[in-house]
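Structural features, examined
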Amino acid sequence: MKNYLVTGGAGFIGSNFVTWLLEHHDDCRVVVYDKLTYAGNLNNLLSHRDDPRYAFVQGDICDAKRVRDTLKTHAIDTIVNFAAETHVDRSLTDAGSFINTDVFGTYVLLEAAKELGLERYHQVSTDEVYGEVLEGAADEQYPIHTRSPYSASKAGGDLMVLAYHTSFGLPVTITRGSNSIGPYQYPEKVVPLFVTNAIDDKPLPIYGDGLQARDYQYVVDHCEGINTVLQKGQIGEIYNLGTGTETRNIDMANLLLELVGKPKSLLQYITDRPGHDRRYALDVSKIRALGWQSRHSFSQALEKTVRWYCDNEWWWREIKNGTRYQAYYQTHYSGREVAPPPEN
Ligand code: NAD
Ligand code: TYD
């Protein structure tokens, strides 16, 4: 019997991971520990409410006492840490909360894991720590070259995880995943924002020239990759997780409009994000050697994602109709200059 603490388990990838674990392992118990920030949502976990193998604790990973009490009460042996502030755009206006959760919060979890002698601490990290990769692909030895407060905070967390392994022998692993898409992603990230805007015939705001490239992977593939590392990964090691392919934002947006059945006239070019990373690209040979590879191509991932948002308006309308979301959208998008489509 494994007892997991899934921190940030009420967010997008964390909740998909909890579902994946409960569906694939009978011999586990899963405690979700989540602060329920704007991005945390218990609707993501509704289907597990009555499962005796599942429990929810509301708490902040920066709260050392609550973290320790939860680990002890539930006899946790493994922490999988998804908890983070995650949106690059928000990190440009509120870096402090990123440093608190993504760096200090990680330290609090590591200290507790060390003191209680846990079997495993797994850190869910991001390809963004490598910064923009203009040519080729970043393997796990690629230099850290962060460019946004979000990626700098995530890199700080990663370095602390590695330090606890080196200094104290804590049994850690790290995954660095690429941009993920799928059910229950908060509609501030580009794909759920674009699908839900398209359904409502609202503009799709493209930053800059739209030629930035990302490795969009299906969230379930990401979860399976994390599980592969938990089962077969070597202690102290980092594993990249992605499809190893890339898609330009404008191509993603065009395919998405086709899938929703809406016209290209909804595309609206606006002022670029400051410090916008042009391209992310991962070398995924290390995780492939463990037998994992993503099962969905980009177009399959996008198709499934679009279908889920079309079929689950109950989930995202509640968020988008809320005053908190509307205030964010207003502050972030109104007043940004609209430009004609670039000539190319
Ligand atoms: P998300 O923003 O959807 O969810 C984050 C969750 O963490 C929320 O439930 C929130 O309530 C919780 N949380 C935030 N601060 C907390 C705190 N102080 N204490 C406890 N809980 C807290 O994020 P996501 O997209 O699911 O990302 C999960 C993890 O995966 C993050 O660490 C992120 O850096 C990483 N990641 C995400 C992507 C992606 O494309 N979304 C790609 C690679 C890596
Ligand atoms: P995002 O989902 O914020 O992920 P990240 O910045 O962490 O990769 O953005 C993905 C890409 O989409 C990125 O190149 C920025 C771009 N983007 C837009 O063009 N318009 C938008 O409104 C948003 C939110 C993102």
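All of these numbers come straight from a predicted model, not from anything done at the bench.

Turning next to the packing of aromatic side chains. Tallied over the full model, the rule gives 16 aromatic pairs. The residue whose ring lies beneath Lys286 is Tyr239, and the NZ or CZ to ring-centre distance is 4.9 Å.

Along its 22 residues, helix α4 (residues 95-116) runs 31 Å from first to last C-alpha, staying within 8% of the 32 Å computed at 1.5 Å per residue. The largest bend in α4 comes to about 30°, at Gly105. Within α4 the residues assigned to the buried category are Ser97, Phe98, Thr101, Asp102, Gly105, Thr106, Val108, Leu109, Leu110, Glu111, Ala112 and Ala113. Where α4 is buried, its residues meet β1 (2-7), α2 (64-73), β4 (78-81), α3 (88-91), β5 (120-126) and α5 (149-168). A positive phi of about 65° marks Gly117, the residue just after α4.

Let us now look at the site of ligand 1. Taken together, 30 residues form the shell around ligand 1, and within it Ile13, Asp34, Thr86, Tyr150 and Lys154 come nearest. Leu36 places a main-chain nitrogen or oxygen 3.4 Å from an oxygen atom of ligand 1. Contact between ligand 1 and Tyr150: an oxygen atom at 2.7 Å from a side-chain N or O atom of the residue. Burial of ligand 1 by the protein chains amounts to 97% of its free accessible area of 840 Å². Contributions of two or more residues to the shell around ligand 1 are made by α1 (12-24), β5 and α5. In terms of residues, the shell around ligand 1 owes the most to one element, β5, which gives three residues. Per-class residue counts for the shell around ligand 1 are eleven nonpolar, 15 polar and four charged.

With respect to the helices and strands, the residue Val306 is situated in helix α10 (residues 298-311). Contacts of Val306, omitting those with residues within four sequence positions, involve Val195, Leu256, Leu259 and Val260.

Segmenting the protein chain into domains produces domain 1 (3-181 + 217-241) and domain 2 (190-213 + 245-279 + 296-333). Every contact between the two is made by 21 residues of domain 1 and, on the other side, 21 residues of domain 2. When the buried area of domain 1 at its contact with domain 2 is split by residue, Asp89, Ile181 and Tyr218 rank highest and sum to 31% of it. Joining domain 1 to domain 2, the criterion identifies two salt bridges. Salt-bridge contacts for Asp89 lead to Arg273; the nearest nitrogen and oxygen are separated by 2.7 Å.

Our focus in this paragraph is the site of ligand 2. Taken together, 21 residues surround ligand 2, and among them Glu128, Pro205, Arg273, His276 and Tyr333 come closest. Between ligand 2 and Pro205, the relevant distance is 2.7 Å, taken from a nitrogen atom to a main-chain nitrogen or oxygen of the residue. Take His276: an N or O atom from its side chain is 2.7 Å from an oxygen atom of ligand 2. Here ligand 2 loses 97% of its free accessible area of 510 Å² to cover by the protein chains. A breakdown of the residues in the shell around ligand 2 according to their chemical character gives ten nonpolar, five polar and six charged. When residues are assigned to domains, the shell around ligand 2 turns out to be shared by domain 1 (3-181 + 217-241) and domain 2 (190-213 + 245-279 + 296-333), each giving three or more.

For the rest of this paragraph, the subject is the pairing of β5. Across the seven residues that make up β5, a large majority, seven, are buried. Every second residue of β5 is oriented toward a common face, with Arg120, His122, Val124 and Thr126 on one face and Tyr121, Gln123 and Ser125 on the other, all of them buried. Summarising the sheet, β5 and strand β6 (residues 172-177) pair through six bridges and their orientation is parallel. For Tyr121, the partnering residue across the bridge sits in β6 and is Val172.

Rules and cut-offs
- Residues numbered from 1 in each chain as written.
- Chains lettered and ligands numbered in written order.
- Predicted model: local features only at pLDDT ≥ 70, side-chain atom pairs only at ≥ 80, totals over all residues.
- Heavy atoms only, no water.
- Phe/Tyr/Trp six-rings, centres within 6.5 Å; stacked < 30°, edge-to-face > 60°.
- Lys NZ or Arg CZ within 6 Å of the ring centre and 35° of its normal.
- Helix = DSSP H or I, 4+ residues; strand = E, 2+ residues; numbered from the N terminus.
- Expected span 1.5 Å × (residues − 1).
- Bend = angle between axes of the 7 residues up to and from the residue.
- Buried < 20%, exposed > 50% of the residue type's maximum accessible area, 1.4 Å probe, protein only.
- Contact = heavy atoms within 4.5 Å.
- Near = heavy atom within 4 Å.
- Polar contact = N/O pair within 3.5 Å; in protein donor to acceptor, adjacent residues only side chain to side chain.
- Areas by Shrake-Rupley, 256 points an atom, 1.4 Å probe, with all protein chains shown as cover.
- Nonpolar A, V, L, I, M, F, W, Y, C, P; charged D, E, K, R; others polar.
- Domains from an automatic or database assignment.
- Buried area = accessible area lost by both parts, 1.4 Å probe.
- Salt bridge = Lys/Arg side-chain N within 4 Å of Asp/Glu carboxyl O.
- Pairing = 2+ DSSP bridges.

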